[in-house]
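# Chains, contacts and geometry: an overview
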Amino acid sequence: MTSQLHSALKIGPYQLSNRIIMAPLTRMRAPAHIPTDLMVTYYDQRASAGLIISEATPISTQGVGYPAVPYMFNAEHVAGWKKITAAIHAKNGLIFQQLWHVGRISHPDFHEGELPVAPSAIAPKGKAFTPKGLQDFVTPRALEINEIPGIVADYKNAAQHALDAGFDGVEIHAANGYLLDQFLRDGSNARTDAYGGSFENRVRFLLEVTAAVIEVWGADRVGIRISPSGTFNDMADSNPEAIFVYLLEQLNPLNLAYLHVVDALEGDIRHGAKVIGLDALRKAYEGTLIVCGGYDQARAEQVLEQGQADAVAFGQLYIANPDLVERFALNAPLNKPNAGTFYGGNEKGYTDYPSLA
Ligand code: 8OZ
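Below, the structure is looked at part by part. (Residues numbered from 1 in each chain as written. Predicted model: local features only at pLDDT ≥ 70, side-chain atom pairs only at ≥ 80, totals over all residues. Heavy atoms only, no water.)

Let us now look at the overall build of the protein chain. Each helix and strand counted, the protein chain has 11 helices and 14 strands in total. The C-alpha atoms of the protein chain give a radius of gyration of 19 Å, which matches the 21 Å a tight globule of 357 residues would have. Each of the three principal axes of the protein chain carries a C-alpha extent, and together these read 55 × 45 × 40 Å. Classification of the 357 residues of the protein chain by burial places 58% in the buried group. Considering only intrachain contacts with a sequence separation of at least 6, the fraction spanning at least 24 residues in the protein chain is 72%. Here the protein chain displays about 13900 Å² of accessible surface, and carbon together with sulfur accounts for 53% of that area. Counting 28 positive and 38 negative side-chain charges, the protein chain places the centres of these two groups 3 Å from one another. (Helix = DSSP H or I, 4+ residues; strand = E, 2+ residues; numbered from the N terminus. Rg over C-alpha atoms; globule rule 2.2 N^0.38 Å. Buried < 20%, exposed > 50% of the residue type's maximum accessible area, 1.4 Å probe, protein only. Contact = heavy atoms within 4.5 Å. Areas by Shrake-Rupley, 256 points an atom, 1.4 Å probe, with all protein chains shown as cover. Lys, Arg positive; Asp, Glu negative; His and termini not counted. Charge placed at Lys NZ, Arg CZ, Asp CG, Glu CD.)

Written out as structure tokens, the structure is:
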């Protein structure tokens with residue numbers, strides 16, 4: 001049988017040589033928040049992906065919630081990222097940058113003792129990953145309505161930096177319980193102003209951010225990532241299917257590069273997620289759909305064959321297999337990811353996973 005995964009796909013102005021996408025992966029190996037030469041090697045090793053989506057990059061210091069992640073808001077960050085985009089382009093690869101604001105998934109230690117910000121003063125359950133180790137999340141400060149335009153401007157500024165750094169597009173991170181997701185869900189958004197309550201109000205911030213980023217890039221080079229069934233980072237909603245279908249209806253006329261959906265994961269189901277099936281999302285969204293979430297090659301081929309998605313993103317498999325595209329083509333055995341080296345550290349478990357050739 002011919003491989004759908006290895007067939008070309010048009011995304012915006014680009015022709016992807018395959019439908020095997022490298023998922024955004026936080027690896028925490030940028031202690032000075034500027035991409036390092038080791039990071040250049042890591043991305044370069046994975047250049048045969050149809051599209052690489054960069055690890056999540058904070059758009060501002062307010063948007064930071066993890067140590068040693070690379071940022072995207074000043075000229076030094078741009079210079080560092082330029083080395084990565086150049087390496088990928090030298091191999092005819094494509095790379096989008098993921099734009100990130102964590103909202104309440106942070107800690108005062110990242111903000112000189114000030115509280116992290118969120119739609120509402122509702123603390124998530126769980127612990128922040130801080131330079132001093134895991135610490136309880138605090139109750140965040142609810143954003144004033146007059147602070148929102150400044151955050152939209154931060155997204156636009158980061159998007160411009162991504163353009164200057166030679167990226168091929170940007171992905172707005174609206175998944176996994178971070179700031180934009182916090183606004184979408186009524187478990188974290190109890191606002192009574194124009195950014196809370198109705199579906200229209202809860203999607204407003206994401207749509208404003210999207211419009212601002214489109215001003216820089218054009219819609220056909222902007223993707224959005226969502227996790228409608230997600231419970232990670234204490235996400236909850238009274239009716240997630242309804243708000244996410246409403247959101248997709250608002251996104252349809254924009255003709256974005258793609259929508260990237262994180263499927264319900266085992267942990268979400270264990271945490272009682274209200275699972276939204278791929279078919280419902282496919283039906284609601286008219287554009288290009290990328291799915292992600294623990295797929296292996298067989299399940300990935302299956303969702304493409306059944307027309308449930310246009311491409312599949314791989315996270316853990318990409319950590320361990322820089323030549324995932326080639327291995328899939330040969331049905332070759334895969335290296336196993338080592339969870340102990342996912343976050344932080346050096347080249348071990350980062351650039352030392354072998355390729356076949
Ligand atoms: C794992 C550890 C730190 C951050 C996400 C950016 O969930 C992340 C992330 C994942 O999207």
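So much for the structure itself; the text now carries on.
The next thing to look at is the sheet that holds strand S13 (residues 289-292). One closed barrel holds the eight strands; their spatial order is S3-S4-S5-S10-S11-S12-S13-S14, and the pairing between them is parallel. Direction aside, the axes of adjacent strands within the sheet are offset by 25° on average. Relative to strand S11 (residues 222-226), strand S10 (residues 169-173) is paired through four bridges, and the arrangement is parallel. When the sheet's bridge partners are listed, His-173 is paired in S11 with Arg-225. Of the strands in this sheet, strand S4 (51-58) and strand S5 (95-100) are in contact with helix H2 (residues 75-90), which crosses S5 at around 150°. (Pairing = 2+ DSSP bridges. Axes fitted to C-alpha atoms, helices over the stretch in contact; angles between N-to-C directions.)

Below, the discussion takes up helix H9 (residues 297-305). For H9, every residue scored as buried is listed here: Gln-297, Ala-300, Glu-301, Val-303 and Leu-304. End-on view of H9: buried residues confined to an arc of 165°, all on one side of the axis. On its buried face, H9 sits against helix H8 (278-284), S13, strand S14 (311-314) and helix H11 (324-330). (Arc of directions from axis to C-beta.)

Attention now moves to the environment of Arg-185. Inspection of the secondary structure assignment puts Arg-185 in the loop between helix H4 (179-184) and helix H5 (199-217). Taking the C-alpha atoms as reference points, Arg-185 and Val-203, 18 residues apart in sequence, are found 9.2 Å from one another. Ignoring sequence-local partners within four residues, the contact set of Arg-185 consists of Arg-202, Ser-227, Pro-228, Gly-230, Met-235, Ala-236, Asp-237 and Phe-244.

Okay, the site of the ligand next. Around the ligand, the structure places Thr-26, Met-28, Ala-56, Tyr-66, Trp-100, His-173, Asn-176, Tyr-178, Phe-232 and Tyr-343. His-173 is positioned with one of its side-chain polar atoms (N or O) 2.7 Å from an oxygen atom of the ligand. For the shell around the ligand, the residue count by class is seven nonpolar, three polar and no charged. (Near = heavy atom within 4 Å. Polar contact = N/O pair within 3.5 Å; in protein donor to acceptor, adjacent residues only side chain to side chain. Nonpolar A, V, L, I, M, F, W, Y, C, P; charged D, E, K, R; others polar.)

Once that is clear, we can look at the nonpolar core. Within soluble globular proteins, side chains that are nonpolar tend to cluster in buried spots. Within the largest apolar cluster, 84 residues are counted, with the highest numbers of intra-cluster contacts made by Tyr-43, Phe-205, Val-213 and Phe-314. It is H5 that contributes the most residues to this core, eight residues altogether. Residues contacting Val-213, with those up to four places away along its chain left out, are Leu-99, Tyr-155, Ala-159, Val-170, Ile-172 and Val-222. Formed by 16 residues, the second largest nonpolar core is a distinct cluster that contains Leu-9, Ile-21, Tyr-258 and Ala-311. (Core = buried A, V, L, I, M, F, W, Y, C linked by side-chain atoms within 4.5 Å.)

Quick look at helix H1 (residues 37-45) now. Buried within H1 we find Met-39, Val-40, Tyr-42 and Tyr-43. Down the axis of H1, the smallest arc covering the buried residues is 165°, so these residues share one side. Buried residues belonging to H1 abut strand S3 (20-22), S4, H2 and S5.

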